[in-house]
Amino acid sequence: MYLVRLDDAAPNWDAEKWDRMYALLSQYNVKPIFAIIPHNEDKKLLEYPVDNNFISKIKTWIDDGWTPALH
């Protein structure tokens, strides 16, 4: 058994990379833990635009069996 954890889920993120990761893990039925930054102050992440679909993506992942965690 393996444990997969993804870090740094935040409204300001590289949405394209996260979308690719979701597609890949879904293809192989991998259900990771993903850590959400509750109040993002990471300057590097804040350079990305706000993903207006962030909350709906999080809800989809949870519905698909992904486990949320706080970063």
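The structure displayed is predicted, hence computed values, not measured ones.

> Is there a simple way to think about the nonpolar core in this case?
Where a protein is soluble and globular, its nonpolar side chains tend to be buried together. Core analysis: the biggest nonpolar cluster contains 12 residues, these being Leu6, Ala9, Trp13, Ala15, Trp18, Leu25, Phe34, Ile36, Phe54, Ile58, Trp61 and Trp66. At the level of elements, β1 (5–9), α1 (15–27), β2 (33–36) and α2 (54–63) are the ones that each hand at least two residues to this core. For Ala9, the residues in contact, after removing those within four places along its chain, are Trp18, Phe34, Ala35, Ile36, Ile37 and Phe54.

> Explain α1 here, please?
For the α-helix, the turn length of 3.6 residues means that residues three or four positions removed from each other point alike. Counted at 1.5 Å a residue, the expected span for α1 with its 13 residues is 18 Å, and the 18 Å between its end C-alpha atoms agrees. Of all the positions in α1, only Ala15, Trp18 and Leu25 are classed as buried. Along the axis of α1, the buried positions cluster into a sector of 95 degrees, meaning they face one direction only. Counted as exposed and oriented over 90 degrees from the buried face of α1: Glu16 and Gln27. Buried residues in α1 make contact with β1 and α2.

Criteria and cut-off values
- Residues numbered from 1 in each chain as written.
- Predicted model: local features only at pLDDT ≥ 70, side-chain atom pairs only at ≥ 80, totals over all residues.
- Heavy atoms only, no water.
- Core = buried A, V, L, I, M, F, W, Y, C linked by side-chain atoms within 4.5 Å.
- Buried < 20%, exposed > 50% of the residue type's maximum accessible area, 1.4 Å probe, protein only.
- Helix = DSSP H or I, 4+ residues; strand = E, 2+ residues; numbered from the N terminus.
- Contact = heavy atoms within 4.5 Å.
- Expected span 1.5 Å × (residues − 1).
- Arc of directions from axis to C-beta.

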